[in-house]
Every structure is written in C-alpha cells, then in structure tokens.
Amino acid sequence: MSWTRHHVLSLADFSTAEYDIVLQTASSFQEVLSRRTKKVPTLQGQVVANLFFESSTRTRSSFELAAKRLSADTLNFAPGTSSLTKGETILDTAKTYLAMGTDMMVIRHKEAGVPQAIAAEMDRLGVKVGVLNAGDGQHEHPSQALLDLFTICSLLDSENPRLSLLEGKKIAIVGDILHSRVARSNIWSLTASGAEVHLAAPPTLLPKWFADYVKEPNDSSNVDRKLFIHWTLDPALQNADFVMTLRLQRERMTNHLLPSLREYHQQFGVTRDRLQQCRANVKVLHPGPVNRGVEISSDLMDDPQFSLISQQVTSGVAVRMALLYLMGGGKEVGGK
Ligand code: NCD
C-alpha cells in the first residue's frame, strides 16, 4: 500500500499500513536527526504555515523545527488579541495564507472541527494544500498519538518500529480523559495495534459511554478493539506495560468535576509506589504540559528508568517530519 492521504485530521480511519508507513518514515528521519547535519532538502521551496489559534509550546515548536529540518519555509501565525472566532474569519485567514503560496497548514484550535472545515474549504477550492490537525478542541491530536506510538514502538524495536509490536500489551491511560484530544487519538491508534487499552479516571472525567468510543459507525478497520474503563486506578495499572498520564485540563472544565487536587492525586496520581503493580519494565508517558505532583509525582516524571517524557518530545520532531514529508508527496520508506 502507498500513502494517499492528503490531510491528517483524525486517526479514526487510519489503517495498519498507514501507521507502519509513518513509523518507518519517522525512523529514517530519526536517523537523519542523529547526524551532524540534521537537515534534508526534501521540502525546499514549499511553505508550511503553523496556524495555532490556541496556545502551545511543544507542538508548535516541534512542527516548526520539523518543517525547517525538511528545508521548508515556515510561517507562524499568532492570534494574539485579535477577535478571531470560529467561522468565516478563520477561513479567510486560511485563504490569506493560501494566497501567499502555502503548501501545508498545521492547525490548532480550541473548537473541534476547525482543521476539518479548513481542509474541506481547500478541497472545495480545488487547491492541493494539505491540512494537519495539531489539536482541535476535545476531538483529536493525531500527531501527538503518532509520536506516542513511535516512542513506544521504537523502545520495543528501535531498528524496525511497527504497530504489531504492541499486540497483547496492556496500556493504561490515566487522567482527564473526558477533555483530552490526546486520549481520543491514542485510543484509535493503540486499539488498532491489538493492545488492551485501559482507561482510568473518576466518573466525572470518564463517562460510561467511553467504553463504546471505538464502536463508531465509521470504523471500517475490522480490528477487534479492546477498550476497558475503570473508575479506580489499580485495575488499570495491574500488569500494565505502559502508563500514559494526562493533564487535568482545568481550562476546559465548566463546573466542579473534582473534590480537590490533593484528593485527585491520592486516588489517580501515578507514583513510583503505584507502579509496583505494573510489569517490572513499565514505562510512563505524558504528552505535556505536566502539572507536577497532580497527575504524576514529580520524582517519577524525572526518573529515566520509568519516564519516556523527554523521548516523546524528541520523537515528535521525527514523526512530524514524516507527516509533512508524506503529505507533501514524499515516497514512503519501505520495510526494513
Ligand atoms: C496536549 C494538548 O494540547 O492537547 N498537549 C500537547 O499537545 N503536547 C495536552 C494538554 O494540553 O494537556
């Protein structure tokens, strides 16, 4: 199979072959990033616009660096204090970037569906502009889930990271699942691999219907997705191979969903002690930004024996290079 995807908006309809293409392409860019000259001419002359309508540190810098490592010209947009809201204004902003010759748009917005709307508009206009969703509201964050996948699969086989390495593994996702686009994208990718995915959070942050999240009518993957929900932490951690912790997204909470941060940490905070019930070589991930001492204890976060957090950030550049490269029409890298 070859890469045909022009936009990357969601992982809901990603195939095994597409995951493997991203993993293998990222792996070859990881090798480029380990060289003395960390740059390739692949996207020379192309323009990548980072349209971040919502704040970001690592995702935005990571996309910018990825585009620069591929020799693209980058444009950065900051909404600042402007009165941008959903709808026509955003489309007009996108069209302005289009008129400057933008080839790819990386879009983050606090409302779900904005990258999809811009991609639809580009298609309607008949222009070959690729749109990449860098986080839309509570919906999806595909490049984050792909870099998480790459981090995990590279740990299991650095020479040949591939989706099937996760078959039969147990992965816990712990924290504010309700508000998390990272969790939603990861649920698609991790269940596609044949791993068991166990979600853990208080019921206010993990509604019952999440158990059916992967039973969407548009899921044509034929994968038997294994997703479980727990309203206590221990059943999710028992024998887990990987534990993904998530930030409490207080900016998205409209009312009092938690008693107190201290109590939340007591019940759902991931600590070294609690990891004892996981597999001996368990690893911990977090997409960042981290609230130290809330969703994860500060010492665990900095412990290289368990924490993959800085590897996630490093992997992000190679994975985003792979996505921009593939969307820009680059040939996929064959299996090794
Ligand atoms: C996440 C996001 O923005 O969705 N962060 C990220 O992109 N690395 C998660 C978060 O904000 O907690």
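Rules of the game
- Residues numbered from 1 in each chain as written.
- Predicted model: local features only at pLDDT ≥ 70, side-chain atom pairs only at ≥ 80, totals over all residues.
- Heavy atoms only, no water.
- Helix = DSSP H or I, 4+ residues; strand = E, 2+ residues; numbered from the N terminus.
- Rg over C-alpha atoms; globule rule 2.2 N^0.38 Å.
- Contact = heavy atoms within 4.5 Å.
- 1 Å grid on protein atoms, 1.4 Å probe; cavity = no way out; pocket = protein on both sides within 12 Å on 5 of 7 lines; lining within 4 Å.
- Points joined across faces, edges and corners; volume = space filled by probe spheres on them.
- Domains from an automatic or database assignment.
- Buried area = accessible area lost by both parts, 1.4 Å probe.
- Salt bridge = Lys/Arg side-chain N within 4 Å of Asp/Glu carboxyl O.
- Nonpolar A, V, L, I, M, F, W, Y, C, P; charged D, E, K, R; others polar.
- Near = heavy atom within 4 Å.
- Polar contact = N/O pair within 3.5 Å; in protein donor to acceptor, adjacent residues only side chain to side chain.
- Sits in = over half its atoms within 2 Å of the grid points.
- Pairing = 2+ DSSP bridges.
- Axes fitted to C-alpha atoms, helices over the stretch in contact; angles between N-to-C directions.
- Parallel < 35°, antiparallel > 145°, perpendicular 65-115°, else oblique.
- Left-handed = near helix turned anticlockwise from the far one by under 90°.
- Buried < 20%, exposed > 50% of the residue type's maximum accessible area, 1.4 Å probe, protein only.
- Right-handed = clockwise from strand over helix to strand, strands pointing away.

**Quick look at the overall build of the protein**
If you tally the helices and strands in the protein, you get eleven helices and nine strands. The C-alpha radius of gyration of the protein comes to 19 Å, within 12% of the 20 Å expected for a compact globule of 336 residues. Principal-axis analysis of the C-alpha atoms places the extent of the protein at approximately 55 × 50 × 40 Å. A separation threshold of at least 6 residues defines the contact pool for the protein, and within that pool the share at least 24 residues apart is 79%.

**Re the layout of surface pockets**
In this approach the atoms are scanned with a rolling probe the size of a water molecule, which exposes any empty space left behind. As a volume, the largest pocket reaches approximately 420 Å³. Taken together, 20 residues line the largest pocket, and the ones lying closest to its centre are Arg 108, Arg 181, Arg 247, Gly 288 and Pro 289. When contributions to the lining of the largest pocket are tallied by element, the ones reaching two or more residues are helix 2 (58–69) and helix 6 (181–192). Among the domains, domain 1 (16–140 + 316–329) and domain 2 (142–313) are the pair contributing at least three residues each to the lining of the largest pocket.

**Topic: the domain arrangement of the protein**
Partitioning the protein into domains gives domain 1 (16–140 + 316–329) and domain 2 (142–313). The C-alpha-based centres of domain 1 and domain 2 are spaced at 25 Å. Between domain 1 and domain 2, the contact holds 28 residues from the first and 30 residues from the second. Of the roughly 2,300 Å² buried between domain 1 and domain 2 on both sides combined, carbon and sulfur atoms contribute 58%. It is Tyr 19, Leu 23 and Gln 138 in domain 1 that bury the most area against domain 2; as a group they hold 31% of the surface buried on that side. For the interface between domain 1 and domain 2, the tally reads one salt bridge. A salt bridge links Arg 181 to Glu 54; the shortest N-O distance between them is 2.9 Å. For the side of domain 1 that touches domain 2, the elements supplying multiple residues, two or more each, are helix 1 (16–33), helix 2, strand 3 (104–109), strand 4 (130–136) and helix 11 (309–327). The dominant element in the side of domain 1 that touches domain 2, judged by the number of residues it contributes, is helix 1, at nine residues. When its residues are assigned to classes, the side of domain 1 that touches domain 2 shows nine nonpolar, eleven polar and eight charged.

**With respect to the site of the ligand**
Taken together, Arg 58, Thr 59, Arg 108, His 141, Gln 144, Arg 181, Val 182, Arg 247, Gln 249, Pro 287, Gly 288 and Pro 289 form the complete shell of residues around the ligand. Contact between the ligand and His 141: an oxygen atom at 2.7 Å from a side-chain N or O atom of the residue. One nitrogen or oxygen atom from the side chain of Arg 181 is found 2.7 Å from an oxygen atom belonging to the ligand. Here the ligand occupies the largest pocket. If you list the elements that add at least two residues to the shell around the ligand, you get helix 2 and helix 6. Residues belonging to the shell around the ligand are distributed by class as follows: three nonpolar, five polar and four charged. Residue assignment places the shell around the ligand across two domains, with domain 1 (16–140 + 316–329) and domain 2 (142–313) each supplying three or more.

**Section: the sheet that holds strand 4**
Read from one edge to the other, the open sheet built from four strands follows the order 2-1-3-4, with strand pairing classed as parallel. Where the open sheet ends on each side, the last strands, each with one partner, are strand 2 (73–77) and strand 4. When strand polarity is set aside, the average angle formed by the axes of neighbouring strands in this sheet is 15°. Sheet topology places strand 1 (residues 47–52) next to strand 2; five bridges connect them, and they run parallel. Following the sheet pairing, Asn 50 is matched in strand 2 by Asn 76. Packed on one face of the sheet, helix 2 meets strand 1, strand 2, strand 3 and strand 4 and runs near 175° to strand 1.

**Looking at the sheet that holds strand 9 (residues 283–285)**
Pairing between the strands of a sheet comes from backbone hydrogen bonds, and it takes one of two forms, parallel or antiparallel. Overall, parallel pairing links the five strands, which are arranged 7-6-5-8-9 in an open sheet. Across the chains shown, the open sheet's two edge strands, defined by having one partner strand only, are strand 7 (226–230) and strand 9. Ignoring which end each strand starts from, the neighbouring axes of this sheet average 20° apart.

**Description of the packing of helix 1 against helix 5 (residues 142–156)**
For the pair helix 1 and helix 5, the least separation of the axes is 10 Å and the interaxial angle reads 70°. It follows from the interaxial angle that helix 1 and helix 5 lie roughly perpendicular. Seen from above, helix 1 lies across helix 5 with right-handed handedness. Together, Tyr 19, Val 22, Leu 23, Ala 26, Ser 27 and Gln 30 of helix 1 and Leu 146, Leu 149, Phe 150 and Cys 153 of helix 5 make up the contact between the two elements. Among the residues forming the contact of helix 1 with helix 5, the class breakdown is eight nonpolar, two polar and no charged.

**Here's the deal with the pairing of strand 1**
Buried residues dominate strand 1, accounting for six of its six residues. Here strand 1 shows no split at all, with Val 47, Ala 49 and Leu 51 on one side and Val 48, Asn 50 and Phe 52 on the other all buried. Taken together, strand 1, helix 2 and strand 2 constitute a β-α-β crossover, and its handedness is right-handed. Judged from the five bridges that link them, strand 1 and strand 3 form a sheet pairing that is parallel. Among the inter-strand pairings, Phe 52 is bridged to a residue of strand 3, identified as Arg 108.

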